[in-house]
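# Overview (structure and organization)
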Amino acid sequence: MTSVPGPVNQPQPAPGAVHTAPPDGFGPGGFDPRGSGPGGSGPEGWPTTPPGSYSAPEPDRLTRFVLRLYERSPRWAVPLAALGCVGIGMSYAMLSNPTHADPDAAPTCLLKLTTGLDCPGCGGTRALWYVLHGDLPAAARHHFLFIFALPFLAYLFVAWAGSQAFGWRMPEMRISSKAIGGFLAAWLAFSVLRNLPWAPFTSLYV
């Protein structure tokens, strides 16, 4: 049996010589696989790096203005603005008295106006009005799931606003995706059942 000779020009280590590993990233004989092609991306003739990288588009003038305003505003400004929006919604519910408004009074639910069916949010404004007046049974009668979710929404808002404005570290409320999915499924079932024309589902219609 004969052995296949190695490359003619390949230097052979001397007897007793200690073999040292090539520098990190170099192949046998000191060959750098990253390196002899254009741009240092590979040997001559190998594909080079992709031409140019994706550059993010420049934001428009309005976006730049909003970003500058956000960076320069105090940390309590955003929670205060959110609180103002919540206050406007509560003030509207208090002043408009939706419990005595006509069904077609503006703003109205287009689904109920055109089909007579309750939409998933029908009764929410009236439920809020009753909550603000301390009548929880009447509020739950108009939208039970809204009343159920209200304490969780209030806590999440207070925790977020307190962290943003004052650096509060309130206990974190962890809501799993399964819990959110179950709530949405219950909301969908509630939206269907409240429109059924048979007792006891007729008591859910508002």
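Above this text is the structure in question.
Structural notes, computed from the coordinates.

### Examining the packing of aromatic side chains
One pass over the structure, following the stated rule, counts six aromatic pairs. Look at F166 and W168: their rings are 5.1 Å apart centre to centre, the planes differ by 25°, and that puts the pair in the stacked class. Of the residues examined, F166 reaches a relative accessible area of 59% and is grouped as exposed. Since its relative accessible area comes to 45%, W168 is described here as partly exposed. An aromatic cluster is defined as three or more aromatic residues linked by ring pairs; in this entry it consists of F148, F152, F183 and W187.

### Here's the deal with a positive patch on the surface
Together, R61, R64, R68 and R72 line one region of the surface with positive charge. A relative accessible area of 37% places R68 in the partly exposed class.

### Structural notes on the nonpolar core
Grouped together as the largest cluster of nonpolar side chains are six residues: A127, W129, Y130, A138, A139 and I147. Put simply, the parts of the chain that give this core at least two residues each are α4 (124–132) and α5 (136–142). Considering each element in turn, this core owes the most residues, three residues, to α4. Apart from the residues within four sequence positions on either side, I147 is in contact with A127, V131, A139 and A140.

Reading the values: rules and limits
- Residues numbered from 1 in each chain as written.
- Predicted model: local features only at pLDDT ≥ 70, side-chain atom pairs only at ≥ 80, totals over all residues.
- Heavy atoms only, no water.
- Phe/Tyr/Trp six-rings, centres within 6.5 Å; stacked < 30°, edge-to-face > 60°.
- Buried < 20%, exposed > 50% of the residue type's maximum accessible area, 1.4 Å probe, protein only.
- Patch = residues over 30% accessible without salt bridge, like charges linked within 9 Å, V, L, I, M, F, W, Y side chains within 5 Å.
- Areas by Shrake-Rupley, 256 points an atom, 1.4 Å probe, with all protein chains shown as cover.
- Salt bridge = Lys/Arg side-chain N within 4 Å of Asp/Glu carboxyl O.
- Lys, Arg positive; Asp, Glu negative; His and termini not counted.
- Charge placed at Lys NZ, Arg CZ, Asp CG, Glu CD.
- Core = buried A, V, L, I, M, F, W, Y, C linked by side-chain atoms within 4.5 Å.
- Helix = DSSP H or I, 4+ residues; strand = E, 2+ residues; numbered from the N terminus.
- Contact = heavy atoms within 4.5 Å.

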